[in-house]
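Structure at a glance
Listed below, chain by chain, are the residues.
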Amino acid sequence: MKHALTALLLGITVSAFGQASVAYYPFNNIITVSTNADRAFWADARVQTNTVFGSLSTTICPMVNVVRKAQVNYYTGLGVRFNALNGIDDRDILEGYSLHVGVRIRPLTMIPNLRVAFELAPYSRKDFKTGNLQSFLGLVYQFSKKN
């Protein structure tokens, strides 16, 4: 039974990431990996790239496409930011929360998998005492399933 469940989970993971996307937000030094962002519901995982051991802040964001059109998707979602390295010096792993509102545009019809992403994301620390408004601008490549 364990092997069947493992095979099922691997199959779901492979099919989900068969249409994954990778994004880079150069002004924020963030790389993201997403499930198929063309679906109604999708998930995004974000990792900072400007540090090696100082911070491994990672944000997990379940997203919902509010409007899906041929050349543009408008989406929103909630994010939870955590840092696994905080556990080393007895700090809380949970860092804060964010609300993402964004758009992914396909600007070039001859390269349909290339997208431009823009997002606004109010962010709050876990205690809700401080926060800021984050903005993201970057490039996305949406992988396609091979037929």
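A quick note: this is a predicted structure, and the numbers were derived from the prediction, not measured. (Residues numbered from 1 in each chain as written. Predicted model: local features only at pLDDT ≥ 70, side-chain atom pairs only at ≥ 80, totals over all residues. Heavy atoms only, no water.)

Some details on the overall build of the chain
On a plain count of helices and strands, the chain comes out with 1 helix and 8 strands. Taking all 147 residues of the chain together, the buried fraction comes to 33%. The contacts of the chain with a sequence gap of at least 6 include a subset with a gap of at least 24, amounting to 43%. Looking at the chain as shown, the accessible area adds up to about 9,100 Å², and 68% of this sits on carbon and sulfur atoms. (Helix = DSSP H or I, 4+ residues; strand = E, 2+ residues; numbered from the N terminus. Buried < 20%, exposed > 50% of the residue type's maximum accessible area, 1.4 Å probe, protein only. Contact = heavy atoms within 4.5 Å. Areas by Shrake-Rupley, 256 points an atom, 1.4 Å probe, with all protein chains shown as cover.)

Looking at the side chain of Ser 34
By the element assignment, Ser 34 lies in strand β2 (residues 30–34). Overall, Ser 34 belongs to the buried group, its relative accessible area being 1%. A polar contact is formed between the side chain of Ser 34 and the side chain of Asp 44, at a distance of 2.4 Å. (Polar contact = N/O pair within 3.5 Å; in protein donor to acceptor, adjacent residues only side chain to side chain.)

As for the layout of surface pockets
The volume enclosed by the largest pocket comes to roughly 250 Å³. Along its surface, the largest pocket is lined by 19 residues, and Ile 30, Gln 48, Arg 81, Gln 134 and Phe 136 are the ones closest to its centre. When residues of the lining of the largest pocket are traced back to their parent elements, those giving at least two are β3 (41–48), β4 (57–68), β5 (72–83), β6 (94–105) and β8 (131–142). Classifying every residue of the lining of the largest pocket by side-chain character gives 6 nonpolar, 11 polar and 2 charged. (1 Å grid on protein atoms, 1.4 Å probe; cavity = no way out; pocket = protein on both sides within 12 Å on 5 of 7 lines; lining within 4 Å. Points joined across faces, edges and corners; volume = space filled by probe spheres on them. Nonpolar A, V, L, I, M, F, W, Y, C, P; charged D, E, K, R; others polar.)

So, the nonpolar core
By size, the foremost hydrophobic cluster in this structure holds 12 residues: Ala 23, Tyr 25, Ile 30, Ala 37, Trp 42, Cys 61, Met 63, Tyr 75, Ala 117, Ala 121, Phe 136 and Val 140. At the level of secondary structure, the elements contributing two or more residues to this core comprise β1 (21–25), β4, β7 (114–125) and β8. Sequence-distant contacts of Val 140, defined by excluding residues within four places in its chain, comprise Ser 21, Val 22, Ala 23, Arg 104, Asn 113, Leu 114, Arg 115 and Ala 117. (Core = buried A, V, L, I, M, F, W, Y, C linked by side-chain atoms within 4.5 Å.)

Some remarks on the confidence of the model for the chain
For the chain, the mean per-residue pLDDT works out to 84, and 82% of the residues sit at or above 70. Across the chain, element-level confidence peaks in β7 with a mean pLDDT of 96 and bottoms out in helix α1 (residues 2–17) with 43. Below a pLDDT of 50 lies the segment residues 1–17, which in the model reaches 6 contacts outside its immediate sequence neighbourhood of four places, other chains included. (pLDDT = per-residue confidence, 0-100.)

Some details on unusual backbone geometry
Phi is positive for Asn 29, close to 55°, though the residue is something other than glycine. Tracing the chain through its elements places Asn 29 in the loop between β1 and β2. Look at Asn 29 and you get partly exposed, because its relative accessible area is 27%.

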